[in-house]
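What follows is each chain in one-letter form.
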Amino acid sequence: MPLLTVGLCVLLLILMISWGKVSPFLSFLVVSLLAGALLGMPLVDVAKSVQKGIGDTLGGLVVVIALGAMLGKLVADSGAAQTIAGVMMNLFGQRYIQWGLMCTGFIIGIPLFYNVGFVLMIPLIFSVVYRYKLPAVYIGLPMLASLSVAHGFLPPHPSPAALVTQFGANMGLTLLLGISIAIPTIILAGPIFAQTLKGIHAEPLDTFATKPVPLDNRPGTLNSFLSALLPVVLLAITTVLRVIFPTNGALMTSTAFIGDPAVVMLISVLVATVSLGLSNGKTMPQVMKIYEEAAKDVAMILLIIAGAGALKQVLSDSGLSQELATRLQTLTLPPLVLGWLIAAIIRVCLGSATVAGLTAAGIIAPIVAQQHVNPNLMVIAVGAGSLMFSHVNDPGFWLFKEYFNLSLKDTIRSWSLMETIVAFAGLAGVLLFNLIL
């Protein structure tokens, strides 16, 4: 019954948004309250769970998304996006631009949290799309596949890093195995799968539309790349410093503060205000106007993501994940497949890759110890399962849909299938390495 209830609630959510044309945010609130009541939660707790889900989701995202939109808007309006697009096109050529963006996404995705990387890479994707009139989903999906795989497979991302600890795995070996499995997975789910998506019509957010800027008025190449990618540089430097000097208390405290995604984005926006704004002939009021427009453009995206967070929290607080876990633990499957399957089912039901991974880890950990399963491969197996079929209860689904301005059908056809390919390809890589090691 709980699974049937969740299925009906998801179906109702889809119908309200696609057929009833109800705002996704309102639809999420209605379905979240209904799901909590049908799953047997006390009505008072349902309302609290909705509020907690909204608060927890926005608390970690609102600053990053808002500041990321401001940075992206300035990168576009200053002409820096055109400069970056030109360099990328000259380096890889129009024929291989997907591969260039995919490699960029993977390199950037290793140190960056997924949501930060998504917001940062969107202006780069759209700069290429607008300048060369290429299909947005076809061009952008390989880069986002890179970010997603890094998020699910590779420490130091939160879920894989936590799984390494829970399974007693080796962080370095897990990272090496993860990269080995990630590369073919990204190629399959990125450039190869994207060949089937050329027909999807997408009109990305006007925020990142690159207005033609005369060549003389554009920032230089070095300035453009450094201003746009400063968040990546800061996060990479602080991560490396924490690894090299783990015993230096003062340095660890400073790098932890500077390396916080919100602080990184704030520093980057302040630097870009000077490097792409004031030093490029714009006045402070003009730059602030750009930021104001960017914040307005992402306001509804934030509300939709908040709604997805509310539904995720209700499903989690209802005890659904534990009930699923108890039932799945009785299945007679190889441990690596079982860990992947538990994470995959919880992911589809709850929407959160991190929750799915950590919940599955708690269930499968005793089996890993008892049956002497390779803990490094189990980290990747659970991580791959936690990316399975992202849909309407996943905030990442709505980030992709709203930024690319797609219909629900096209988002499922592109984003959801890409995540599914990642999940199955990751499992295949794990099983292959299990035969070799």
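All values reported here derive from a predicted model rather than from experimental measurement.

Asks: I'd like a rundown of the overall build of the protein chain, residues and numbers included.
Replies: For the protein chain, the helix and strand inventory stands at 19 helices and zero strands. For 437 residues, the compact-globule estimate of 2.2 N^0.38 gives 22 Å, and the C-alpha radius of gyration of the protein chain, at 22 Å, lies within 12% of that figure. In terms of its C-alpha atoms, the protein chain occupies a principal-axis envelope of roughly 65 × 50 × 50 Å. The proportion of buried residues among the 437 residues of the protein chain is 56%. A fraction of 80% describes how many contacts in the protein chain between residues 6 or more apart in sequence connect residues 24 or more apart. Across the protein chain, 20 positive and 16 negative side-chain charges occur, with their mean positions spaced 6 Å apart.

Asks: Hey, could you go over the pattern of salt bridges for me, with residue numbers and the actual values?
Replies: With the rule as written, the count across this model stands at six salt bridges. In this structure, Asp56 and Lys52 form a salt bridge, with 2.6 Å as the shortest nitrogen-oxygen distance. Of the two residues, Asp56 and Lys52 both sit in helix α3 (residues 43-77), four residues apart, roughly one turn of that helix. The class for Lys52 is partly exposed, based on a relative accessible area of 41%. Here Lys401 makes a salt bridge to Glu402, at a shortest N to O gap of 3.2 Å.

Asks: Tell me about the layout of surface pockets, residues and numbers included.
Replies: By volume, the largest pocket amounts to about 690 Å³. Forming the boundary of the largest pocket are 26 residues, of which Leu61, Asn115, His151, Ser352 and Thr354 lie nearest the centre. Of all the secondary-structure elements, those providing two or more residues to the lining of the largest pocket are α3, α6 (114-132), α7 (136-153), α16 (353-370), α18 (395-404) and α19 (408-436). Sorting elements by how many residues they give to the lining of the largest pocket places α3 first, with five residues. For the lining of the largest pocket, a count of residues per class yields twelve nonpolar, nine polar and five charged.

Asks: Requested: an account of helix α2 (residues 24-38), with residues and values cited.
Replies: Its 15 residues give α2 an end-to-end C-alpha distance of 21 Å, which sits within 8% of 21 Å, the value for a rise of 1.5 Å per residue. If you check which residues of α2 are buried, you get Pro24, Phe25, Ser27, Phe28, Val31, Ser32, Ala35 and Gly36. Angular distribution of buried residues about the axis of α2 spans 150°; they occupy a single face of the element.

Asks: An account of the packing of aromatic side chains is needed here, citing residue identities and associated values.
Replies: Under the definition given, this model contains eight aromatic pairs. Ring centres of Trp340 and Phe424 lie 5.2 Å apart, and the angle between their planes is 55°; this geometry places the pair in the tilted category. Taken together, the positions of Trp340 in helix α15 (residues 335-350) and Phe424 in helix α19 put the pair 84 residues apart, joining distant regions of the chain. On the accessibility criterion, Phe424 (46% relative accessible area) is partly exposed. Through pairs of rings, three or more aromatic residues link up here, namely Phe126, Tyr130, Phe400, Phe404 and Trp415.

Asks: Please provide a residue-by-residue account of the environment of Pro212, values included.
Replies: Inspection of the secondary structure assignment puts Pro212 in the loop between α9 (171-194) and α10 (221-244). Distance in space between the C-alpha atoms of Pro212 and Arg131 is 8.7 Å, their sequence separation being 81 residues.

Asks: Quick rundown of the packing of α6 against α7? Include the residues and the values.
Replies: As a packed pair, α6 and α7 sit with axes 10 Å apart at the nearest point and diverge in direction by 160°. Classed by the angle they form, the pair α6 and α7 counts as roughly antiparallel. Between α6 and α7 the crossing geometry is right-handed. Within the contact between the two elements, α6 uses Tyr114, Gly117, Phe118, Met121, Leu124, Ile125, Val128 and Val129 and α7 uses Ala136, Ile139, Gly140, Met143, Leu144, Leu147, Ser148 and His151. Of the residues contributing to the contact of α6 with α7, the split by class is twelve nonpolar, four polar and no charged.

Asks: Describe in detail unusual backbone geometry, supporting the description with residues and values.
Replies: A positive phi angle is found at His372, which is not glycine, with a value near 55°. Take His372: it is sitting in the loop between α16 and α17 (375-385). Owing to a relative accessible area of 71%, His372 belongs among the exposed residues under this scheme. A positive phi angle is found at Phe389, which is not glycine, with a value near 35°.

Asks: How would you explain the packing of helix α8 (residues 158-167) against α17 if you had to name every residue and give the values?
Replies: Between α8 and α17, the least distance of the axes is 9 Å, while the angle of their chain directions is 140°. Here α8 lies oblique to α17, going by the angle between them. Here α8 runs over α17; the crossing is right-handed. Listed contacts from α17 to Pro160, Leu163, Val164 and Phe167 of α8 are Pro375, Met378, Val379, Val382 and Gly383. The residue makeup of the contact of α8 with α17, split by class, is eight nonpolar, one polar and no charged.

Asks: Break down α15 for me, citing the residues and quoting the values.
Replies: Its 16 residues place the ends of α15 22 Å apart at the C-alpha level, agreeing with the 22 Å of an ideal helix rising 1.5 Å per residue. Following α15 by one or two positions, Gly351 has its phi on the positive side, about 95°.

Asks: Run through the environment of Ala80, naming residues and quoting values.
Replies: Mapped onto the fold, Ala80 is located in helix α4 (residues 80-92). Take Ala80: its relative accessible area is 0%, and that puts it in the buried class. C-alpha of Ala80 to C-alpha of Gly199: the two residues are 119 residues apart in sequence and 29 Å apart in space. Not counting residues within four places of it along the chain, the set of residues in contact with Ala80 comprises Val75, Pro219, Ser224 and Leu276.

Asks: Give me the nonpolar core: which residues, what numbers.
Replies: The tendency in soluble globular proteins is for nonpolar side chains to be buried as a group. By size, the foremost hydrophobic cluster in this structure holds 143 residues, and its most contacted members are Phe153, Tyr403 and Phe404. Not counting residues up to four positions away in its chain, the partners in contact with Phe404 are Ile122, Ile125, Phe126, Ala136, Val137, Gly140, Leu144, Ala202, Glu203 and Pro204.

Scoring rules and cut-offs
Residues numbered from 1 in each chain as written. Predicted model: local features only at pLDDT ≥ 70, side-chain atom pairs only at ≥ 80, totals over all residues. Heavy atoms only, no water. Helix = DSSP H or I, 4+ residues; strand = E, 2+ residues; numbered from the N terminus. Rg over C-alpha atoms; globule rule 2.2 N^0.38 Å. Buried < 20%, exposed > 50% of the residue type's maximum accessible area, 1.4 Å probe, protein only. Contact = heavy atoms within 4.5 Å. Lys, Arg positive; Asp, Glu negative; His and termini not counted. Charge placed at Lys NZ, Arg CZ, Asp CG, Glu CD. Salt bridge = Lys/Arg side-chain N within 4 Å of Asp/Glu carboxyl O. 1 Å grid on protein atoms, 1.4 Å probe; cavity = no way out; pocket = protein on both sides within 12 Å on 5 of 7 lines; lining within 4 Å. Points joined across faces, edges and corners; volume = space filled by probe spheres on them. Nonpolar A, V, L, I, M, F, W, Y, C, P; charged D, E, K, R; others polar. Expected span 1.5 Å × (residues − 1). Arc of directions from axis to C-beta. Phe/Tyr/Trp six-rings, centres within 6.5 Å; stacked < 30°, edge-to-face > 60°. Axes fitted to C-alpha atoms, helices over the stretch in contact; angles between N-to-C directions. Parallel < 35°, antiparallel > 145°, perpendicular 65-115°, else oblique. Left-handed = near helix turned anticlockwise from the far one by under 90°. Core = buried A, V, L, I, M, F, W, Y, C linked by side-chain atoms within 4.5 Å.

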